[in-house]
Amino acid sequence: MIDLQQIAQGRDGYELLAAQLEALLADERDFIANAAQFAALLFHELEGLNWAGFYLARSEELVLGPFQGKVACVRIPFARGVCGAAARTRQTQRIEDVHAFPGHIACDSASNSELVVPLVKEGRLIGVLDLDSPSLARFSAQDQVGIEELVAIFLRLSDC
Ligand code: SME
C-alpha cells in the first residue's frame, strides 16, 4: 500500500521544506524572528504534530522560546525530561513512547512521541527544538535526518 505520509515527508518532502526555510529566512537574521517562523513552518507543514517550538539555554536550564501549539512548561532543568536530555548530551532524542522515558515532562497529556534536536553553534549550546506528536512513534530516522538538516539551515541563517 502506498503511504502518502511517507511520500509527503520522505526525502523529497524535506528537500522542499529546506528550500522553503531558506527562502523564509533569506532576508532576516534575527534569532527570535527566525525561530518563530521556523516553528510555524514545521507546525503547519508536518503532519501529526501537536507542538513545535524552542527552549533556549539559560545557565543550567531551558526557558520556553517561540512555539506553536498549546501553552507549555516555561522552565526545564537540564537534568529533566526529553528536552533536558537533548541539552545535556547534545544528542538528538527520538522517543517513540514518551511515557516510557524516565523523567518525561508531560506539558500536554496528548503527546505520545517526541523529537528533540539540540541547537549547537560553534560549540555553544543555544537551546533545543522540540517536536511533539499525539501518535506513538511518529518520528522516523528519516524524519530525524530531515529535521537535523533544517536545524542546520536555521542556525546558519540566524544570528546567535
Ligand atoms: N515533553 C518535554 C517538555 C516540553 S513539552 O513537551 C512542550 C520534555 O519531556 O522535555
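Just so you know, these numbers come straight off a predicted model, no measurement behind them. (Residues numbered from 1 in each chain as written. Predicted model: local features only at pLDDT ≥ 70, side-chain atom pairs only at ≥ 80, totals over all residues. Heavy atoms only, no water.)

*Asks:* What is the right way to read the pairing of strand β6 (residues 124-133) from this model?
*Replies:* Consecutive side chains of a regular strand alternate in pointing toward one face of the sheet and then the other. With 9 of its 10 residues buried, β6 lies for the most part within the structure. By the bridge criterion, 6 bridges tie strand β1 (residues 51-58) to β6 in an arrangement that is antiparallel. Along β6, the bridge assignment pairs Trp51 with Asp132. Remark: 2 residues form the turn of the hairpin made by strand β5 (residues 113-121) and β6, two consecutive strands paired antiparallel; Glu122 in that turn has positive phi of roughly 45°. (Buried < 20%, exposed > 50% of the residue type's maximum accessible area, 1.4 Å probe, protein only. Helix = DSSP H or I, 4+ residues; strand = E, 2+ residues; numbered from the N terminus. Pairing = 2+ DSSP bridges.)

*Asks:* Would you mind going over the site of the ligand with me for this structure?
*Replies:* Near the ligand there are 13 residues, and of these Val82, Cys83, Ile105, Glu114 and Asp132 occur at the shortest range. At 2.7 Å from a nitrogen atom of the ligand is found a main-chain nitrogen or oxygen belonging to Ile105. Calculation on the ligand without its partners gives an accessible area of 310 Å², and the protein chains cover 99% of this total. Take the shell around the ligand: its biggest share by element is 3 residues, from helix α4 (residues 81-89). The residue inventory of the shell around the ligand, partitioned by class, reads 8 nonpolar, 2 polar and 3 charged. (Near = heavy atom within 4 Å. Polar contact = N/O pair within 3.5 Å; in protein donor to acceptor, adjacent residues only side chain to side chain. Areas by Shrake-Rupley, 256 points an atom, 1.4 Å probe, with all protein chains shown as cover. Nonpolar A, V, L, I, M, F, W, Y, C, P; charged D, E, K, R; others polar.)

*Asks:* Explain the state of the cysteines to me, please; I cannot follow it from the model alone.
*Replies:* In protein chemistry, a disulfide is the covalent bond that joins the sulfur atoms of two cysteines. With the rule as written, the count across this model stands at 1 disulfide. Paired by a disulfide, Cys73 and Cys107 hold their sulfur atoms 2.1 Å apart. Measuring handedness by torsion sign, the sulfur bridge of Cys73 and Cys107 sits at about -130° and is left-handed. Of this pair, Cys73 sits in the loop between β2 (61-69) and β3 (75-77) while Cys107 is found in the loop between β4 (93-95) and β5, placing the two residues 34 residues apart along the sequence. By relative accessible area, which is 34% here, Cys107 ends up partly exposed. There is no disulfide at Cys83, and the cysteine sulfur nearest it, in Cys107, is 7.5 Å away. Given the relative accessible area of 4%, Cys83 is considered buried. (Disulfide = S-S within 2.5 Å.)

*Asks:* Whenever I open this one, the packing of helix α3 (residues 31-45) against helix α5 (residues 141-156) confuses me. Can you help?
*Replies:* Each packed pair of helices is defined by two parameters, the angle between the axes and the distance between the axes. Here α3 crosses α5 at 155°, and the two axes come no closer than 11 Å. Here α3 is positioned roughly antiparallel relative to α5, judged by the angle of their axes. When you trace α3 past α5, the crossing you get is right-handed. In contact with Phe31, Asn34, Ala35, Phe38 and Leu42 of α3, α5 contributes Ile147, Leu150, Val151 and Phe154. Partitioning the contact of α3 with α5 into residue classes produces 8 nonpolar, 1 polar and no charged. (Axes fitted to C-alpha atoms, helices over the stretch in contact; angles between N-to-C directions. Parallel < 35°, antiparallel > 145°, perpendicular 65-115°, else oblique. Left-handed = near helix turned anticlockwise from the far one by under 90°. Contact = heavy atoms within 4.5 Å.)

*Asks:* Which parts of the structure should I look at to understand unusual backbone geometry?
*Replies:* With glycine set apart, most residues show a phi of negative sign, and most peptide bonds adopt trans. A positive phi angle is found at Arg90, which is not glycine, with a value near 60°. By secondary structure assignment, the location of Arg90 is in the loop between α4 and β4. With relative accessibility at 39%, the residue Arg90 sits in the partly exposed group. You will see that Glu122, though not glycine, has its phi angle at about 45°, which is positive. One can find Glu122 in the loop between β5 and β6.

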